[in-house]
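# Results of the structural survey
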Amino acid sequence: MKRILIAGTGSGCGKTTASLILMAALRQRGLRVAPFKTGPDYIDPTFHAAICGRPSHNLDTFLMTEDAIRFLLDQDADVGVIEGVMGYYDGLDAASMRCSTWELSRLTQTPAVLVVDASGGAASVAAQVKGFQTLVPDSRLSAVLVNRVSGAHHYALVREAVALHTGLPCVGYLQKNPALALKSRHLGLVPAQEVPDVAARVEEAARAAQQTLDLPLLLSLAAQAPALSYEAPPVPRMRPFRLGVARDEAFSFYYQANLDLLARAGAELAFFSPMRDARLPDGLDALYFGGGFPEVFAGELAANTAMRASVSQAPDIPCYGECGGMMYLSKRIGAHEMAGRLPLVCRMTERLQRFGYVTVRDASGLTIPAHEFHHAVAEPEGEAAWVYTVSRAADPGRTWQDGCQAGRTLGAFTHLHFLSHPEWIRRLFA
């Protein structure tokens with residue numbers, strides 16, 4: 001599979017829009033496009049899936065081993081498009097640039113195309129590109145995609161300056177397009193499930209981009225990515241079990257690789273909606289409530305008293321709630337009653353509570369890299385048992401407690417990726 005990585009000068013430069021338009025434009029040429037997202041983001045992959053008609057996989061150098069990343073890159077497709085995260089070099093720290101888009105490009109030997117916002121500039125854009133090109137000896141930058149230009153003449157000025165001062169080719173341009181503006185909320189973009197016309201808008205923009213993007217050049221760069229060898233991640237041995245998975249607008253934060261691994265481990269995935277269904281699916285052996293936006297849909301979740309009763313009265317089977325899932329399993333979110341399987345009350349705050357990579361250790365000493373990103377706090381109401389010790393990746397001496405457990409129900413703010421650490425599937429669902 002050919003592959004290309006779409007990097008950005010920083011958040012807000014337009015790399016998500018550029019990635020979506022490129023994916024759609026390639027599909028319009030009859031190619032099978034496999035989408036990927038750098039880092040732990042859950043929301044951008046929902047847009048990738050809407051455009052490509054197939055799941056998008058996260059590629060994260062902190063959460064995953066190199067073998068796991070290479071395994072996920074081995075997709076049955078004509079070309080893979082990897083969207084970067086933040087600025088190209090932004091990672092855990094300025095010195096090593098660990099966990100950055102640049103590190104992923106280097107690790108996977110994938111040519112990188114730098115998206116630059118050219119609004120209000122021409123020759124000065126080349127200075128920005130030059131800085132990215134020369135910051136490290138091996139920048140792996142192969143080309144530049146010029147975004148938010150006013151037209152063909154503006155693009156020509158930028159392209160000539162970039163070629164003159166950096167030697168890098170430009171692979172075309174995208175004009176300013178207010179119709180592609182995507183709404184945001186406190187955790188980033190509003191997920192694609194809540195933007196029903198997004199595919200049509202991107203498809204229209206991609207048809208116009210057929211005239212402004214050099215797709216043959218992009219594909220020739222993608223063809224330079226070499227084949228990668230890997231050892232397939234192990235699959236945990238478990239008895240067949242029926243796993244209820246909450247999935248609707250309130251619970252959409254799932255890594256596709258987690259669901260795939262659960263299925264390979266013997267789980268029959270039974271999806272249900274805590275917002276709309278009256279009760280849990282029949283014959284469940286375990287429950288999984290992923291993250292999402294239960295705080296946004298708290299009124300609808302609280303109003304579905306039949307489902308809340310079904311969850312609260314379910315047998316004491318393994319039940320795992322991750323971030324938003326934990327909030328639903330608590331007693332309340334603000335003034336809204338929830339399922340009450342955990343002795344917690346949750347409330348939202350204006351300030352971001354935690355954001356970044358962490359390491360989780362349970363009482364048995366089992367560890368896993370994880371990620372946190374939430375505006376909520378969870379406070380005990382009654383006696384609560386905390387079974388995780390969490391340490392910040394960038395400052396391991398800074399620790400806190402997480403993982404509230406009541407019987408066989410466990411909820412935590414930390415988001416886990418199972419592929420490189422399949423033993424956690426048994427920890428949570430056996």
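Here, every reference points to the structure presented above.
This text gives an overview of the structure that appears in the document. (Residues numbered from 1 in each chain as written. Predicted model: local features only at pLDDT ≥ 70, side-chain atom pairs only at ≥ 80, totals over all residues. Heavy atoms only, no water.)

## Some details on the sheet that holds strand β3 (residues 57–59)
Two modes of strand pairing occur in sheets, parallel and antiparallel, and in both the strands are linked by backbone hydrogen bonds. Let me state the cut-off plainly: Think of it this way: DSSP has to see at least two bridges between two strands before they count as a pair. Helical segments are the DSSP runs of H or I of at least four residues, strand segments are the runs of E of at least two, and each set is numbered from the N terminus. For helices, the axis comes from a line fit to the C-alpha atoms of the stretch in contact; other axes are also lines fit to C-alpha atoms, and the angle between any two N-to-C directions lies between 0 and 180 degrees. Residues count as neighbours in contact if any of their non-hydrogen atoms are within 4.5 Å of one another.
The 7 strands are arranged β3-β2-β4-β1-β5-β6-β7 in an open sheet whose pairing can be described as parallel. The open sheet has two edge strands with one neighbour each: β3 and β7 (170–175). If you compare each strand with its neighbour and ignore which way they point, the axes differ by 25 degrees on average. Across the sheet, helix α4 (residues 101–108) is in contact with β1 (2–8), β2 (33–38), β3, β4 (79–83) and β5 (112–117); its angle to β1 comes to roughly 160 degrees. This element, helix α5 (residues 123–134), spans β1, β5 and β6 (141–149) of the sheet and lies at about 145 degrees to β5.

## Thoughts on helix α6 (residues 152–166)
Under the convention used in this document: What a helix is expected to span follows from its residue count: subtract one and scale by 1.5 Å. Think of it in three bands: residues with accessible area under 20% of the maximum for their type are buried, residues over 50% are exposed, and the middle band is partly exposed, with areas taken using a 1.4 Å probe on protein chains only.
Relative to the 21 Å expected for 15 residues at 1.5 Å per residue, α6 spans 21 Å between its end C-alpha atoms, a close match to the ideal helical length. Among all positions in α6, only His154, Tyr155, Ala156, Val158, Ala161, Val162 and Thr166 are buried. For α6, the secondary structure elements touched by its buried residues are α5, β6 and β7. Gly167 lies just past α6 and shows a positive phi near 80 degrees.

## Brief notes about the pairing of strand β10 (residues 241–246)
When you tally the buried positions in β10, you get 5 out of 6 residues, the bulk of the element. Bridge count between β10 and strand β12 (residues 267–272): 6 bridges; the pairing is parallel. By the bridge assignment, Leu243 is partnered in β12 with Leu269. Here 4 bridges tie β10 to strand β13 (residues 286–289), and the two strands are oriented parallel to one another. Of the residues in β13, the one forming a bridge with Val245 is Tyr288.

## Here we look at helix α8 (residues 215–222)
Quick reminder of the rule: Directions drawn from the helix axis to the C-beta atoms are what define this arc. Within 3.5 Å is the distance limit for a polar contact, defined as a pair of N or O atoms, with the added protein rule that one can donate a hydrogen and the other accept it, and that residues adjacent in sequence qualify only through two side-chain atoms.
Within the sequence span of α8, burial applies to Leu215, Leu218, Leu219, Leu221 and Ala222. Seen from one end, α8 has its buried residues packed into an arc of 160 degrees, which puts them on one side. Against β1, α1 (15–28), β4, β5, β6 and β7 lie the buried residues of α8. For α8, the N-terminal cap is Asp214; the gap from its side-chain oxygen to the backbone nitrogen of Leu217 is 3.1 Å.

## Regarding the sheet that holds strand β19 (residues 354–362)
Taken together, 10 strands build an open sheet; the order of strands is β12-β10-β13-β15-β24-β23-β22-β19-β20-β25 and the sheet is mixed. Because the sheet does not close on itself, it has two edges, and the strands there are β12 and β25 (415–416). As paired strands, strand β15 (residues 319–322) and strand β24 (residues 409–412) are joined by 4 bridges and run parallel to one another. Across the sheet, the residue bridging to Tyr320 is Leu410, located in β24. Helix α9 (residues 256–264) rests against β10, β12, β13 and β25 of the sheet, and its axis sits at about 130 degrees to β12.

## A word on the packing of aromatic side chains
Keep this limit in mind: Ring pairs are drawn from Phe, Tyr and Trp, using the six-membered ring of Trp, whenever the two centres fall within 6.5 Å, and their geometry is named by plane angle: stacked under 30 degrees, edge-to-face over 60, tilted for the rest.
Within the structure shown, the criterion is met by 21 aromatic pairs. Ring centres of Phe251 and Phe289 lie 6.2 Å apart, and the angle between their planes is 75 degrees; on these two criteria the pair is classed as edge-to-face. Remark: Phe289 occurs in strand β13 and Phe251 occurs in strand β11 (residues 251–253); sequence separation between them is 38 residues. Phe289 sits in the buried class, given a relative accessible area of 0%. Seen in terms of ring centroids, Phe418 and Phe429 are 6.5 Å apart; in terms of plane orientation they differ by 85 degrees. Their pairing is edge-to-face. A residue pair is termed long-range when its members are at least 10 positions apart, and Phe418 in the loop between β25 and α13 (423–429) and Phe429 in helix α13 qualify at 11 residues.

## Focus on the pattern of salt bridges
For clarity, the cut-off: A side-chain nitrogen of Lys or Arg and a carboxyl oxygen of Asp or Glu constitute a salt bridge if their distance falls within 4 Å.
All told, the structure shown has 16 salt bridges when counted by the stated rule. A salt bridge links Arg32 to Asp78, with the shortest nitrogen-to-oxygen separation between them at 3.3 Å. Of this pair, Arg32 sits in the loop between α1 and β2 while Asp78 is found in the loop between α3 (66–73) and β4, placing the two residues 46 residues apart along the sequence. With a closest N to O distance of 3.0 Å, Glu379 and Arg347 form a salt bridge. One end of the pair, Glu379, is in strand β21 (residues 376–380); the other, Arg347, is in strand β18 (residues 344–348), with 32 residues separating them in the sequence. A single network of salt bridges, built from pairs that share partners, joins Arg32, Asp76 and Asp78.

## Side note on the nonpolar core
This is how the line gets drawn: Side-chain atoms within 4.5 Å are what join buried Ala, Val, Leu, Ile, Met, Phe, Trp, Tyr and Cys residues into a set we call a nonpolar core.
Counting 150 residues, the largest nonpolar core has Val146, Tyr288, Phe418 and Phe429 as its most contacted members. At 8 residues, the largest contribution of residues to this core is made by α1. Residues in contact with Phe429, not counting those within four places in the same chain, are Met238, Phe241, Leu243, Leu262, Ala286, Leu287, Tyr288, Pro318, Tyr320 and Phe418.

## Digging into the side chain of Thr414
Its place among the elements puts Thr414 in the loop between β24 and β25. With near-sequence residues (within four places) excluded, Thr414 lies in contact with Tyr320, Glu322, Val358, Val360, Ala370, His371, Glu372, Tyr388, Val390 and Asp402.

## Side note on the environment of His153
With respect to the helices and strands, His153 occurs in helix α6. Sequence separation between His153 and Asp138 is 15 residues, and the spatial gap between their C-alpha atoms is 32 Å.

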